[in-house]
Amino acid sequence: METKVLSTGIAYKNLPQSYIRPVSDRPNLSQVSDCEDVPVIDLGSLDRTVIVRQIHDACKNYGFFQVINHGVTKEKVEKMQKVAKEFFNLPIEEKMKLYSDDPTKTMRLSTSFNVKKEQVHNWRDYLRLHCWPLHQFVHEWPSNPPLFKEVVSKYCKEVRELGFRIEELISESLGLEKDYITKVLGDQGQHMAINYYPPCPEPEMTYGLPGHTDPNALTILLQDLQVSGLQILKDGVWLAVKPQPDAFVINIGDQLQALSNGIYKSVWHRAVVNTDIARISVASFLCPADSALISAPPPLLADGSPAVYKGFTYPEYYKKFWSRNLDQEHCLENFINQNP
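The following paragraphs examine the structure supplied in this document. (Residues numbered from 1 in each chain as written. Predicted model: local features only at pLDDT ≥ 70, side-chain atom pairs only at ≥ 80, totals over all residues. Heavy atoms only, no water.)

Looking at the sheet that holds strand β2 (residues 40–42)
Threshold: When DSSP finds at least two bridges between two strands, those strands are taken to pair. Helix and strand definitions here come from DSSP, where helices need a minimum of 4 consecutive H or I residues and strands a minimum of 2 consecutive E residues; each element is numbered from the N-terminal end. Geometry is summarised by axes, namely lines fitted to C-alpha atoms with helices restricted to the contacting stretch, and by angles between N-to-C directions that run from 0 to 180 degrees. In what follows, a contact means two residues having at least one pair of non-hydrogen atoms within 4.5 Å.
Read from one edge of the open sheet, eight strands run β2-β3-β11-β8-β13-β6-β5-β4, paired in mixed fashion. If you trace the sheet from one side to the other, it starts and ends with β2 and β4 (107–111), each paired once. Along the sheet, successive strands turn relative to each other by an average axial angle of 25 degrees, direction set aside. Pairing of strand β8 (residues 218–222) with strand β13 (residues 279–287) involves five bridges; the strand directions are antiparallel. Bridge pairing links leucine 218 to leucine 286 in β13. Strands in contact with helix α2 (residues 74–88) are β4, β5 (125–130), β6 (189–197), β8, β11 (248–252) and β13; relative to β6, the strand with the most contacts, it is inclined by about 60 degrees.

Regarding the nonpolar core
Under the convention used in this document: Within this scheme, the nonpolar core is defined by two criteria: the residues are buried Ala, Val, Leu, Ile, Met, Phe, Trp, Tyr or Cys, and they are joined through side-chain atoms within 4.5 Å. We call a residue buried when its accessible area falls under 20% of the maximum for its residue type, exposed when it is over 50%, and partly exposed in between, using a 1.4 Å probe and counting protein chains only.
Counting 72 residues, the largest nonpolar core has Met80, Trp141, Ile170, Met192, Ile194 and Phe248 as its most contacted members. Residue contributions to this core peak at ten residues, all from helix α5 (residues 148–173). Excluding its chain neighbours within four sequence positions, the residues that come into contact with phenylalanine 248 are Phe65, Gln66, Val67, His70, Val72, Val77, Tyr155, Val159, Leu162, Ile220, Leu221 and Leu222. Listed in part, the 16 residues of the second largest apolar core include Leu221, Leu239, Val241 and Phe285.

Quick look at unusual backbone geometry
Here tryptophan 132 and proline 133 are connected by a cis peptide whose omega angle stands at -5 degrees. A cis amide bond, omega 5 degrees, links asparagine 144 with the succeeding residue proline 145. Within the secondary structure, proline 145 sits in the loop between α4 (134–137) and α5. Positive phi, normally seen in glycine, also occurs at asparagine 69, with a value near 50 degrees. Here asparagine 69 shows up in the loop between β3 (64–68) and α2.

Listed below in C-alpha cells is the structure:
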C-alpha cells in the first residue's frame, strides 16, 4: 500500500526532494525571535469596556491575540488533545482508510495543503472535519479512536460558543451593534483541522505550513503546549508565538478583514517544524453562511470612507482561495473595490 502521508511512524533521515524549498523561500529560523508582547486578553474580566478596547488594539495592530478564562473547560481541552494524539498514533492502514486529496470532501485525512496543485509540499498531515450542523457531519467522523466522536462533538460546541462571544466583542470594538457581525455572517459553518507535524530531519529547508492568511471569519487555535511552531508576521518580521497555558490563539480571518473595511488585519502566519518532537495543533474555523454577503458595514462608511472591497459571498471567496497556492498573494487582493 502506498503511503501518501507523513505520519507513518517511520523516521526520515533526509528531507525528500519534494519538500525542499528554494533557498529564497526558507524559514531562516535563526533570525526568528519570540513575540514578547503577544496580546493576552482575559475574557473573565468584569470590565467589558477594557476587553473591547484590548480587542480593538490587538485586531488593528496584530491581527491575532490570545484569550484566557475563555469558558472552554480544561477537561474538554485535555480530552481533545488526547484523542487527537491517539488518532495520529493509529496504524497507518487504519488512517489511510480516511485519506483523500479532494478538498471538497467534508471529512478527510490529507497531507500538505493542496497536493494536486503545489510544486513543493509541506511537512504536515491533517484531519479535516466539517463540524456544523453537528448532526449532519458527525456520522462521517472517525470511529477510531472509540471516543473520537463524543470528545470532538463536545469540544466543538464549546469552541463555537467562544467564537460567537469573540465576534460580538469584535463587533463592539468596531463601534457596531454587538450582534452586527454574527447577524451578517448568518448560520456560520464550522470546520476543524487537526494538524500533525512529525519530527523533520531538516526543518530549515521546509515548512509545516508556509506563510498564509486564513480564508474564514475567525480561527480558534489550540496550540501544543510541549512544542511551539506558530509564527506570525509583524512589521515585516516573523515572530514566534510561545504556547500559553490554558489559552487559545485567535486569528482574524480574511472575512473579518473585509467586514471591518480593512481596519482589522487578517494576520499572515506560518507553522515551522523541528527535528525532535511531533507537534499537534487543533484549529477551529468559523465561516460565513453561503448566503451571507460580505461587504463593509454602512456605519464604517458614514464619514465618506470608500468600501475597500467589493461585496462577495464565502463560496466565491473559497473557490478562489483553493484555486491557488497557499502562499501566493493575499486572496483578498482579488476582491479590491476598483471603483471606490
